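# Close look at the chain arrangement
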Amino acid sequence: MNHGTIAIAVVQHQVMIIQAARSHDSGDRWLDVCTYTPFGDHLFLASSVPHARIASSDVLIVFPFHTATTDMIDLPVQAYQKFLQLNAKHQKKQENLWRGWKARLR
């Protein structure tokens, strides 16, 4: 990932938009990123913890575009749809895990 590349990743058990804070090689296990949370249609603002180091395996998809801004990101329609899709899939997975744990406790 090059500096400024936009991607979707799981950060602290949440699906978030991330931006590479610096360039990384394909073999890097850890990525320094800026994190963004949804603010409205297609719009993402820097999260309350804007800088994070995540495992490269937590990246779900890398988009073929980048941006230099660090405070707000406006995603194209297709990228926003992909974010919504991955967010819903992740939430369903978490709910299923919770139901499984709840059933075991009974």
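Because the structure is predicted, anything quoted here is derived from the model rather than measured.

## Re the overall build of the chain
- Scanning the chain from terminus to terminus reveals 1 helix and 6 strands.
- Ordering the α and β elements of the chain from the N terminus gives β-β-β-β-β-β-α.
- Seen through its C-alpha atoms, the chain measures out along the principal axes to roughly 50 × 35 × 25 Å.
- Just so you have it, the chain exposes about 7,200 Å², and 54% of that area is on carbon and sulfur atoms.
- Side chains of the chain give 11 positive and 8 negative charges; the mean places of these two sets differ by 17 Å.

## Focus on the sheet that holds strand β5 (residues 59-66)
- Read across the sheet, 6 strands follow the order β5-β1-β2-β3-β4-β6 without closing on themselves; strand pairing throughout is antiparallel. Strands at the two margins of the open sheet, each flanked by one partner only, are β5 and β6 (72-74). The average undirected angle you get between the axes of adjacent strands in this sheet is 40°.
- By the bridge criterion, 6 bridges tie strand β1 (residues 5-11) to strand β2 (residues 14-20) in an arrangement that is antiparallel. Note on β2: the bridge partner recorded for Ile8 is Ile17.
- Set on the sheet, helix α1 (residues 77-105) makes contact with β1, β2, β3 (30-40), β4 (43-55) and β5; between it and β2 the angle comes to about 140°.

The rules we used
- Residues numbered from 1 in each chain as written.
- Predicted model: local features only at pLDDT ≥ 70, side-chain atom pairs only at ≥ 80, totals over all residues.
- Heavy atoms only, no water.
- Helix = DSSP H or I, 4+ residues; strand = E, 2+ residues; numbered from the N terminus.
- Areas by Shrake-Rupley, 256 points an atom, 1.4 Å probe, with all protein chains shown as cover.
- Lys, Arg positive; Asp, Glu negative; His and termini not counted.
- Charge placed at Lys NZ, Arg CZ, Asp CG, Glu CD.
- Pairing = 2+ DSSP bridges.
- Axes fitted to C-alpha atoms, helices over the stretch in contact; angles between N-to-C directions.
- Contact = heavy atoms within 4.5 Å.

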